[in-house]
Amino acid sequence: MSFYSLYKELSIPEKSGKKIGVFRTLCAVLGGLSVAYLGMTLCIYIIPGKPGESIIVPILLNTLVWALAALWISLSPTKLSALKRVFVPTFIFAILIAILYNLG
């Protein structure tokens, strides 16, 4: 299977919006989890103070962010957009965490 045929297969919108599908469900759960935890880690670096003191707010917001990210990913119209909604925020958060970790 070539890259172009895989791209065309993933970019086809679903015929019916009644079923989410296993692929988008797995992307939503695992992608929402990775986005939520990386966002929580980024919040620990951004909030001033020691990491032990500033961890309370990200832990409380983690479940809400995970649910919102999973909902946002699962409502994507195509499989390709679901993959983009997983990998783009994960990549951005990972780069920001790496930059902030190396600065501190």
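One can find the structure itself at the top, above this paragraph.
Along each chain, numbering runs from 1 in the same order as the chain's sequence is written. Whole-chain, interface and lining totals are the exception, using all residues; otherwise, since this is a predicted model, local features are given only for residues with pLDDT of at least 70 and side-chain atom pairs are given and counted only at 80 or more. The side-chain quantities take in all heavy atoms of the structure and omit both hydrogens and water.

Colleague: Summarise the overall build of the protein chain; cite the residues concerned and give the values.
Modeller: Only runs of H or I of at least four residues qualify as helices and only runs of E of at least two qualify as strands under DSSP, and these elements are numbered from the N terminus. Across its full length, the protein chain carries 4 helices and 0 strands. Put simply, the protein chain runs from its N terminus to its C terminus through helices and strands in the order α-α-α-α. For the radius of gyration, the atoms used are the C-alpha atoms, and the globule rule reads 2.2 Å times the number of residues raised to 0.38. For the protein chain, whose C-alpha radius of gyration is 16 Å, the value lies well above the compact-globule estimate of 13 Å for 104 residues. By its C-alpha atoms, the protein chain is 50 × 30 × 15 Å across when sized along the principal axes. Across the 104 residues in the protein chain, those meeting the buried criterion constitute 27%. Residue contacts are counted whenever heavy atoms from the two residues lie within 4.5 Å of one another. Long-range contacts, defined as pairs at least 24 residues apart, comprise 73% of the intrachain contacts of the protein chain with a sequence gap of at least 6. Here the term buried applies to any residue with accessible area under 20% of the maximum for its type, exposed to any over 50%, and partly exposed to those in between, with areas from a 1.4 Å probe on protein chains only.

Colleague: Please provide a residue-by-residue account of the environment of I92, values included.
Modeller: With respect to the helices and strands, the residue I92 is situated in helix α4 (residues 79-103). Accessibility expressed as a relative area gives 44% for I92, which makes it partly exposed. Residues I92 and L38, 54 residues apart in the sequence, show an inter-C-alpha distance of 9.5 Å.

Colleague: Got a sec to walk through the nonpolar core? Specific residues and values, please.
Modeller: Across soluble globular proteins, you tend to see nonpolar side chains buried next to one another. Grouped together as the largest cluster of nonpolar side chains are 6 residues: C27, A28, A70, I73, A82 and V86. Contributing elements (two or more residues each) for this core: α2 (22-46), α3 (56-74) and α4. Not counting chain neighbours up to four residues away, the residues in contact with C27 comprise G32, I73, L83 and V86. Working definition of a nonpolar core: buried Ala, Val, Leu, Ile, Met, Phe, Trp, Tyr and Cys residues. They are joined through side-chain atoms within 4.5 Å.

Colleague: A description of the packing of aromatic side chains should follow, citing residues and the corresponding values.
Modeller: Paired rings are identified among Phe, Tyr and Trp, the last through its six-membered ring, by centres lying within 6.5 Å, and are further divided according to the angle between planes into stacked (under 30 degrees), edge-to-face (over 60) and tilted (the rest). Evaluation of the coordinates by the stated rule reveals 1 aromatic pair. Each ring, one from Y45 and one from Y101, has its centre 6.4 Å from the other, and the planes form 75 degrees; the classification is edge-to-face. Of this pair, Y45 sits in helix α2 while Y101 is found in helix α4, placing the two residues 56 residues apart along the sequence.

Colleague: Kindly report on α3, identifying the contributing residues and their values.
Modeller: In a regular helix each residue adds 1.5 Å, so 19 residues correspond to 27 Å; α3 covers 28 Å between its end C-alpha atoms and thus fits that length. Taken as a whole, α3 carries its principal kink of about 40 degrees at N62. Buried within α3 we find P58, N62, A69, A70, I73 and S74. In this structure, the buried side of α3 is in contact with α2 and α4. The length a helix should cover is 1.5 Å for every residue beyond the first. The angle between axes fitted to the seven-residue stretch ending at a residue and the seven-residue stretch beginning at it gives the bend at that residue.

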